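# Chains, contacts and geometry: an overview
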Amino acid sequence: MSENGRKVVVVTGASGGIGAAVARELGRRGCALVLSARNEDALREVAAQSGDAVHVVRADVTSRADVERLRDEALSAFGHVDVWINNAGRGINRTVLELTGADIDAMIAVNVKGPLYGMQAIIPHFQERGEGHLINISSFLGRVPIVPIRSAYSAAKAALNSLTANLRMDLRMRGSDIHVTTVMPGMVATAFADNALGSTDGVSGVRPTGPMAPQTPEEVAAIVADAIDHPRPEVYTNPANPGMARAYFEDVAAFEEQAARAITQMLSQSAAGA
C-alpha cells in the first residue's frame, strides 16, 4: 500500500457501467484510483464522484502502447499499483451464422487483447513487489453460452476465462503470492447492450425476471470490492449462476434444451408486449 495506507487501484473502462460503479465504490472505501477509458469527458465526471485521490488517463485498451502508458502514469502518480482491474469490454448482437471476420476481430481486440495487454503490463510490476492483485471482468456467458445472439462476445469471454486461469496456474507454479481473479457478472442494468455492435434489433429491451433479473452496477461493484478484500480465483456476481454453471456442465444437452425453450418464450413475450 501507499504511505497513507490507501490501496492504489487501476480500472479500465471506467467511464460508465460497471467500471464507473467500481470506481465510485472503491473511492468511497478510500482507495487511490487511476481511471481509464476512451471518453475523457465522461471519465472526468466519474472521477469527480470517486474520492479525493483520482488520476485520469485517456487510453484505448486495444492499443498495447496505451495500456503500457496507463501503467506508467499510474506508477508516476502513486509510486506503485496494488490492484489492476481489466474491465473494458464490448458486446455484439449477432448469431454465429451472421458473424463477419471484422466482428470477430472487434470482439477479440477489446475483450481478449485488451485484458492481455493489461496482464502483461502489470504482472511484472507485481512480481517485482512480491504482491498484487489482478482482476479480469469477464461474463457468465463466457462460462455458459446461453444467449446465441451474443455468440462472439461469449467466445471472447471464454478465451479471457482461459487466459486468466492459465496465468493464475503459472503464477501458482512459481510460488507467487500474486492474486488473479475472474469476475463473471450475469445480466447487469447498464447501457452495455445498447452499445453492442448490431444492437438495432431490440434485444437490449429483453429483461429476464426472477433469479436471472439484471443486477445493478452498484451491486456488482460491491462484489468486486469484496473480492479485493477477500481474494479468490473466481466470482459469480449473480447468486443463481454457480448452480446454472454446474447444471450446464453436468448435462449440456438437457440444459440447452431447457434454456432454448425458456429464451424462446421470453423473446416471444417481449415481442408481444412491444
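This text goes with the structure placed above it.
Summarised in this report is the structure supplied together with it.

Attention shifts here to the overall build of the protein chain. Looking only at helices and strands, the protein chain has 8 helices and 7 strands in total. Restricting the contact set of the protein chain to residue pairs at least 6 apart, pairs at least 24 apart contribute 68%. Surface accessibility of the protein chain: about 12800 Å² in total, with carbon and sulfur atoms responsible for 52%.

Judged by nonpolar contacts, the single largest core of 30 residues is most densely connected at V9, V22, L26, L35, I85, I135 and V224. At the level of elements, β1 (8-11), α1 (17-28), β2 (32-37), α2 (40-48), β4 (83-86), β5 (133-137) and α6 (217-229) are the ones that each hand at least two residues to this core. What V9 contacts, discounting residues up to four positions off in sequence, is L26, C31, A32, L33, V34, V83 and I85. Counting residues in hydrophobic clusters, the runner-up holds 23 residues, among them A59, V61, L70 and Y117.

The next point concerns the packing of aromatic side chains. Evaluation of the coordinates by the stated rule reveals 3 aromatic pairs. For the ring pair Y248 and F249, a centre distance of 5.0 Å and an interplane angle of 80 degrees mean the geometry is edge-to-face. A ring pair is formed by Y248 and F255, whose centres lie 5.4 Å apart and whose planes are at 85 degrees; its orientation type is edge-to-face. By the burial criterion, Y248 is buried, and F255 matches it. Pairwise contacts between aromatic rings join Y248, F249 and F255 into one cluster.

To continue, consider the pattern of salt bridges. Within this structure, the stated rule accounts for 16 salt bridges. Among the salt bridges present, the one from R29 reaches E25, with a minimum N-O distance of 2.7 Å. The class for E25 is buried, based on a relative accessible area of 13%. A salt bridge links E131 to R129; the shortest N-O distance between them is 3.4 Å. The exposure class assigned to R129 is partly exposed, which follows from its relative accessible area of 26%.

Quick look at the packing of helix α4 (residues 101-129) against helix α5 (residues 151-173) now. At a closest axis distance of 8 Å, the pairing of α4 and α5 adopts a crossing angle of 20 degrees. As summarised for this structure, α4 and α5 are arranged roughly parallel, according to the angle between their axes. Handedness of the α4/α5 crossing: right-handed. Residues I104, M107, I108, N111, V112, P115, M119, I123 and Q127 of α4 touch α5, and the partners they reach there are A152, Y153, A156, K157, A159, L160, L163, L167 and L171. For the contact of α4 with α5, the per-class residue count stands at 15 nonpolar, 2 polar and 1 charged.

Note on placement: S139 falls in the loop between β5 and α5. In terms of polar contacts, S139 uses its side chain to reach the backbone amide nitrogen of L141, at 3.0 Å. Not counting residues up to four positions away in its chain, the partners in contact with S139 are Y153, K157, N161, V183, M184 and P185.

Here we take up the pairing of strand β6 (residues 179-184). Where burial is concerned, most of β6 is hidden: 5 out of the 6 residues are buried. Alignment of β5 against β6, held across 5 bridges, turns out to be parallel. Paired with N136 across the strands is T182, a residue of β6. With α5 bridging β5 and its parallel neighbour β6, the resulting β-α-β unit is right-handed.

As summarised here, the arrangement of the 7 strands in space is β3-β2-β1-β4-β5-β6-β7, forming an open sheet in which the pairing is parallel. Of all strands in the sheet, those with a lone pairing partner are β3 (54-58) and β7 (234-236), marking the two edges. Adjacent strand axes in the sheet meet at a mean angle of 15 degrees, parallel and antiparallel pairs treated alike. One ladder, built from 3 bridges, connects β6 with β7; its direction is parallel.

It is the contact of helix α3 (residues 64-78) with α4, at a shortest axis distance of 8 Å, that shows an interaxial angle of 35 degrees. Along this stretch, α3 crosses α4, giving a crossing that reads as right-handed. Contacts from R64, V67, E68, R71 and L75 in α3 reach Y117, G118, Q120, A121, I122 and H125 in α4. Tallied by class, the residues present in the contact of α3 with α4 amount to 5 nonpolar, 3 polar and 3 charged.

Quick look at the pairing of β1 now. Covered by surrounding structure in β1 are V8 and V10 together with V9 and V11, the residues of both alternating faces. Examined bridge by bridge, β1 and β2 share 4 bridges and lie parallel to one another. Paired with V8 across the strands is A32, a residue of β2. In the classification by handedness, the crossover that spans β1, the intervening α1 and the parallel β2 is right-handed. As paired elements, β1 and β4 share 3 bridges and run parallel to each other.

Rules and cut-offs
- Per chain, the residues get numbers from 1 upward, laid out in the order the sequence is written.
- A pLDDT threshold of at least 70 governs which residues receive local features in this predicted model, and a stricter bar of 80 or more applies before side-chain atom pairs are shown or counted, although totals over entire chains, interfaces and linings include all residues.
- Values reported for side chains reflect all heavy atoms of the structure, with hydrogen atoms and water molecules removed beforehand.
- The way it works is that DSSP assigns letters per residue, a run of H or I at least four long becomes a helix, a run of E at least two long becomes a strand, and they are numbered from the N terminus.
- Working rule for contacts: check all heavy atoms of both residues, and any pair within 4.5 Å makes them a contact.
- Areas reported as accessible are Shrake-Rupley estimates using a 1.4 Å probe. Residue values count occlusion only from the protein chains shown.
- Put simply, a nonpolar core is a bunch of buried Ala, Val, Leu, Ile, Met, Phe, Trp, Tyr and Cys residues held in one set by side-chain atoms that sit within 4.5 Å of each other.
- Relative accessibility decides the category of a residue: with a 1.4 Å probe and only protein chains considered, values under 20% of the type maximum give buried, values over 50% give exposed, and everything between is partly exposed.
- Geometry of aromatic contacts follows a simple scheme: Phe, Tyr and Trp rings, the Trp one being its six-membered ring, pair when their centres are within 6.5 Å, and the pair is stacked under 30 degrees between planes, edge-to-face over 60, tilted otherwise.
- Every case where a carboxyl oxygen of Asp or Glu lies within 4 Å of a side-chain nitrogen of Lys or Arg is listed as a salt bridge.
- Under this scheme, a helix contributes an axis fitted over its contacting stretch, all axes are lines through C-alpha atoms, and angles between N-to-C directions fall in the 0 to 180 degree range.
- Roughly parallel refers to an angle under 35 degrees, roughly antiparallel to one over 145, roughly perpendicular to one between 65 and 115, and oblique to any angle outside these ranges.
- The crossing is said to be left-handed when, going from far helix to near helix, the turn is anticlockwise and less than a right angle, and right-handed when the turn is clockwise.
- Following the grouping adopted for this structure description, the nonpolar residues are Ala, Val, Leu, Ile, Met, Phe, Trp, Tyr, Cys and Pro, the charged ones are Asp, Glu, Lys and Arg, and the polar ones are all others, Gly among them.
- Within 3.5 Å is the distance limit for a polar contact, defined as a pair of N or O atoms, with the added protein rule that one can donate a hydrogen and the other accept it, and that residues adjacent in sequence qualify only through two side-chain atoms.
- When DSSP finds two or more bridges between a pair of strands, those strands are recorded as paired.
- Orient the strands so they point away from the viewer; a crossover is then right-handed if the path from the first strand over the helix to the second runs clockwise.

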